[in-house]
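What follows is the residue order along each chain.
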Amino acid sequence: MSTTEPLPTETDAWVVDRPGPVGGPGPGPLVWERRPLEPPGPQELLVEVEACGVCRTDLHLAEGDLSPRTARCTPGHEVVGRVLAVGAGAEGFGVGDRAGVAWLAGTCGRCGYCRSGRENLCPDSRYTGWDRPGGYARHLTADARYAYRLPEGPPAEELAPLLCAGIIGYRALERAELPAGGLLGIYGFGASAHLTAQIALARGARVAVFTRAAPARRLALDLGAGFAGDSFDPPPEPLDAAILFAPAGELVPAALAALDRGGTLAVAGIHLTDIPRLDYQRHLFQERTLRSVTANTRADGRAFLAEAARTRPAVHVTRYPLRQADTALADLAADRVTGVAVLVPE
């Protein structure tokens with residue numbers, strides 16, 4: 001193990017104690033605690049957290065929409081930090097390097113999905129902040145093979161959202177198969193959507209946004225969207241492709257009906273409420289396609305981070321001290337966050 005100074009043996013972290021609603025009366029699902037910190041094992045990095053994005057997936061985990069995979073797990077999978085120690089066999093990082101720890105934390109590397117470049121579908125895939133402790137903490141360990149080298153220049157709080165909101169939006173955009181110069185519909189306009197819109201615009205697309213939050217509509221127009229309406233408003237013209245970021249199944253029929261012939265709707269979230277009954281003629285005929293987006297591959301992450309370095313999307317950040325992670329989740333649940341919430345050390 002490579003290190004330059006004594007390693008911490010304990011850290012402070014939030015854990016999901018009992019999944020339930022955030023922001024309500026009484027104790028919430030998150031508990032702040034001090035816990036032992038193990039040194040990095042083989043192929044692992046020990047990382048001191050500089051910033052951690054607050055993702056809607058964290059909210060689903062805290063509230064129980066996603067069943068916990070480990071007891072008292074620490075959420076957070078958009079982590080920017082400094083490498084404090086490098087475990088045996090870990091490559092690509094040295095002590096002091098800036099590392100990004102993202103959602104995909106490990107795969108088997110042996111199954112047909114992994115061997116064919118579809119590691120996001122690996123049945124044994126593991127995830128940061130779900131299977132292993134995440135970044136709502138002062139420190140965490142991560143598999144170096146699934147971490148990203150990050151540039152030194154940008155502030156940590158602006159890099160953090162790229163590691164999930166950016167990467168999953170990138171994969172959703174690819175899955176939507178938007179034709180060159182086409183009109184992309186975006187349903188919901190939070191952390192991932194506001195980054196994806198900027199990537200699409202940089203590629204020469206046109207963007208129409210549909211969201212219930214007036215501040216988000218204003219942000220969409222400020223970022224270059226040609227249209228910003230309420231969630232169920234009709235588009236200005238048929239959409240060539242669409243992405244659903246809001247975890248609201250009732251928006252699926254509206255988005256499909258808004259598609260032009262041959263258009264694709266990609267559903268970007270890990271959790272979605274029930275989809276109402278679809279009408280074949282109205283919603284699916286004329287070769288409209290409905291498809292899901294499942295996590296991402298490391299190749300997606302590398303490709304997106306390279307594209308983001310070229311296009312430099314504006315990251316609209318609301319900062320919260322790490323000790324206020326419960327407040328950040330409550331604000332996210334209540335649509336009080338425009339752009340992305342990021343936790344930073346006090």
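Residues numbered from 1 in each chain as written. Predicted model: local features only at pLDDT ≥ 70, side-chain atom pairs only at ≥ 80, totals over all residues. Heavy atoms only, no water.

1. Structural notes on the packing of aromatic side chains
Here the distance between the centres and the angle between the planes together describe a pair of aromatic rings. Stated precisely, the cut-off is as follows: Pairing of aromatic rings covers Phe, Tyr and Trp, the last through its six-membered ring, and needs centres within 6.5 Å; plane angles under 30 degrees mean stacked, over 60 mean edge-to-face, and all others mean tilted. Relative accessibility under 20% of the residue-type maximum defines a buried residue, over 50% an exposed one, and the middle range a partly exposed one, all with a 1.4 Å probe and only protein chains included. Each ring is checked for a lysine NZ or an arginine CZ that lies within 6 Å of its centre and within 35 degrees of its normal; such an atom marks a charge sitting over the ring.
This structure, assessed with the given rule, holds 8 aromatic pairs. Ring geometry for Y127 and W130: centres 6.0 Å apart, planes at 35 degrees, overall tilted. Both residues of the pair, Y127 and W130, belong to the buried class. When the centroid spacing of 5.7 Å and the interplanar angle of 50 degrees are considered together, the rings of Y280 and F285 count as tilted. Note that R69 overlies the ring of W130, its terminal NZ or CZ placed 3.8 Å from the centroid. Between R298 and the ring centre of Y146, over which it is positioned, the NZ or CZ distance is 3.9 Å.

2. A closer look at the sheet that holds strand β12 (residues 206-210)
How we decide: When DSSP finds two or more bridges between two strands, those strands count as paired. Helix and strand definitions here come from DSSP, where helices need a minimum of 4 consecutive H or I residues and strands a minimum of 2 consecutive E residues; each element is numbered from the N-terminal end. The convention used is that axes are lines fitted to C-alpha atoms, helices contributing only their stretch in contact, and that angles between N-to-C directions extend from 0 to 180 degrees. In what follows, a contact means two residues having at least one pair of non-hydrogen atoms within 4.5 Å.
Read from one edge of the open sheet, 6 strands run β13-β12-β11-β14-β15-β16, paired in parallel fashion. Of all strands in the sheet, those with a lone pairing partner are β13 (227-229) and β16 (289-292), marking the two edges. Neighbour-to-neighbour, the strand axes of this sheet turn through a mean angle of 15 degrees, independent of strand direction. Inspection of the sheet shows strand β11 (residues 183-187) paired to β12 by 5 bridges, in the parallel sense. Pairing of G185 across the sheet is with A208, part of β12. Set on the sheet, helix α6 (residues 214-222) makes contact with β12 and β13; between it and β13 the angle comes to about 175 degrees.

3. Notes on the pairing of strand β9 (residues 139-143)
Burial analysis of β9 places 5 of its 5 residues in the buried class, which makes it a mostly covered element. The two faces of β9 match: H139, T141 and D143 on one face and L140 and A142 on the other face are all buried. As paired elements, strand β4 (residues 44-54) and β9 share 5 bridges and run antiparallel to each other. Considered in β9, the bridge of E48 is made with H139.

4. Comments concerning the packing of helix α4 (residues 165-176) against helix α9 (residues 298-311)
Cut-off, in case you're wondering: Comment on the angle field: the value is read as roughly parallel under 35 degrees, roughly antiparallel over 145, roughly perpendicular from 65 to 115, and oblique elsewhere. When residue character is reported, Ala, Val, Leu, Ile, Met, Phe, Trp, Tyr, Cys and Pro are called nonpolar, Asp, Glu, Lys and Arg charged, and the others, Gly included, polar.
Relative orientation of the contacting elements α4 and α9 amounts to 100 degrees, with a least axis distance of 9 Å. In terms of orientation, α4 lies roughly perpendicular with respect to α9. On the side of α4, the interface is formed by G166, I167, Y170 and R171, while α9 contributes D300, G301, A303, F304 and E307. Here the contact of α4 with α9 is composed, by residue class, of 4 nonpolar, 2 polar and 3 charged.

5. A closer look at the environment of R138
The condition is simple: Side-chain atoms alone can form a polar contact between residues adjacent in sequence; in general such a contact is a pair of N or O atoms within 3.5 Å, and within protein one must be able to donate a hydrogen while the other accepts it.
By the secondary structure assignment, R138 is in the loop between β8 (126-127) and β9. With a relative accessible area of 26%, R138 lands in the partly exposed category. The spacing of R138 and V49 is 89 residues in sequence and 5.3 Å in space, taken between C-alpha atoms. In this structure R138 touches T11, D12, W32, V47, E48, V49, L322 and E346, once residues within four positions along its chain are discounted. Engagement of the side chain of R138 in a polar contact is seen with the side chain of E346, the distance being 3.2 Å.

6. Overview of the packing of helix α1 (residues 56-63) against helix α10 (residues 325-333)
Where α1 meets α10, the axes come as close as 10 Å, and the angle between the chain directions of the two elements is 100 degrees. As judged from the angle between their axes, α1 and α10 are roughly perpendicular. Judged by residue contacts, R56, D58, L59 and A62 of α1 engage L329, L332 and A333 from α10.

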